[in-house]
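Analysis of the macromolecular model
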Amino acid sequence: MLAMNIKFDDDSPITALLHRLAHFDQSKLYDEMGAGLVDSVQNRFITGTVDGNPWKVSWRAQLQNGQTLRDTGRLMNSYTHNVLPNGVEVGTDVEYAAPLHYGAEIVPKTAGYLLFNVAGQYRKVKQVTLPPRTQLGVNADDETMLLDVVQGFMNDILRGT
C-alpha cells in the first residue's frame, strides 16, 4: 500500500477556511433565501402564472378588466418569510389563501344558495368551484435562485468577507 498523510496545523489557512465554512451565520443565508422566495410568490400574482401556465381568470377580473387574485393586493402583499434555526418558511396568515391555492368547493352553510353581486346584479348559485391557483412552491427558477444565493454566501466566505 502506498499512502500519503496530510495534516493541517490549527493556524493553517486551510484550517481557518474550513472553520469559516462550518461556522458561518446561516440565518443571513436563510433570510436572503426567504426574501427571494417571497419575491417569486409575488411574481406569480403579478404575472398570473405558475411555471408559465396561466391561472384561470376569475369572474371579478373579467368583469373589471383586472387581474386574478389582485383586487386589493392584500393576499399578495401578505406573504412573508420566517428564518428558522435550520431553514426558512414562506407563507401567509390570510385565512382564504389555502382555498385559493389548492382550490375549493364553496357551498352555503345555512341557506339554500349563495348570493353574489356581479356587475350590479345579484346571482344565486348552489355552489362555487374555486380552481387551484398555485402560489407557493419551488420551481426550477427558484432552485436556480436558491443555489445562486448559496454560491454567493460561499464565495463571500472564501474571500473572507
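To keep things clear, this report deals only with the structure shown in the data block. Throughout, residues of each chain are indexed from 1 in the direction in which the sequence is written. Totals for whole chains, interfaces and linings use all residues, but because this is a predicted model, local features are given only for residues with pLDDT of at least 70 and pairs of side-chain atoms are given and counted only at 80 or more. The side-chain figures draw on all heavy atoms in the structure; neither hydrogens nor water molecules are used.

This next bit is on the overall build of the protein. What counts as a helix is a DSSP run of H or I of at least four residues, what counts as a strand is a run of E of at least two, and both are numbered from the N terminus. Helix and strand counts for the protein come out as six helices and eight strands. Reading the helices (α) and strands (β) of the protein from amino to carboxyl end gives α-α-β-β-α-α-β-β-α-β-β-β-β-α. Between the two quantities, the radius of gyration covers C-alpha atoms and the globule rule is 2.2 Å times the number of residues to the power 0.38. Taken over the C-alpha trace, the protein has a radius of gyration of 24 Å; the compact-globule value for 161 residues is 15 Å, which it surpasses by more than 25%. By principal-axis analysis of the C-alpha atoms, the protein measures approximately 85 × 30 × 30 Å. Buried residues in the protein amount to 29% of all 161 residues. Of the accessible surface of the protein, which amounts to about 11,400 Å², a share of 54% is contributed by carbon and sulfur atoms. The rule is simple: take the accessible area with a 1.4 Å probe, protein chains only, and divide by the maximum for that residue type; under 20% is buried, over 50% is exposed, in between is partly exposed. The Shrake-Rupley method, run with a 1.4 Å probe, gives the accessible areas here. Residue values count only the displayed protein chains as cover.

Grouping into patches uses exposed residues only, defined as over 30% relative accessible area, and leaves out salt-bridged ones; the cut-off is 9 Å for like charges and 5 Å for nonpolar side chains (Val, Leu, Ile, Met, Phe, Trp, Tyr). The salt bridge definition used is simple: a Lys or Arg side-chain nitrogen within 4 Å of an Asp or Glu carboxyl oxygen. On the surface, Phe8, Ile14 and Leu18 cluster together into a nonpolar patch covering about 290 Å² of accessible area. Structurally, Leu18 can be placed in helix 1 (residues 13-22).

In total, this model carries four salt bridges according to the counting rule given. Residue Asp142 is joined to Arg44 by a salt bridge in which the shortest nitrogen-to-oxygen separation is 3.1 Å. Of this pair, Asp142 sits in helix 6 (residues 140-159) while Arg44 sits in helix 2 (residues 26-47); the two residues are 98 residues apart in sequence, bridging distant segments of the chain. The partner of Arg74 in a salt bridge is Glu95, with the nearest N and O atoms 3.8 Å apart. Of this pair, Arg74 sits in helix 4 (residues 74-78) while Glu95 sits in the loop between strand 4 (87-91) and helix 5 (97-102), and the two are 21 residues apart along the sequence. You can call Arg74 partly exposed: its relative accessible area is 41%. Glu95 gets classed as exposed once you look at its relative accessible area, which sits at 59%.

Moving on, we come to the packing of aromatic side chains. Note on aromatic pairs: the rings of Phe, Tyr and Trp (six-membered ring only in Trp) are paired at centre separations within 6.5 Å, and the planes decide the class, stacked below 30 degrees, edge-to-face beyond 60, tilted for the rest. By the definition in use, this model includes two aromatic pairs. Aromatic pair Phe45 and Trp55: ring centres 5.4 Å apart, planes at 85 degrees, arrangement edge-to-face. Residue Phe45 is found in helix 2, and its partner Trp55 is found in the loop between strand 2 (53-54) and helix 3 (59-64); the two are separated by ten residues along the sequence. Here the aromatic rings of Phe45 and Tyr79 are separated by 6.0 Å at their centres, their planes lie at 50 degrees, and the arrangement is tilted.

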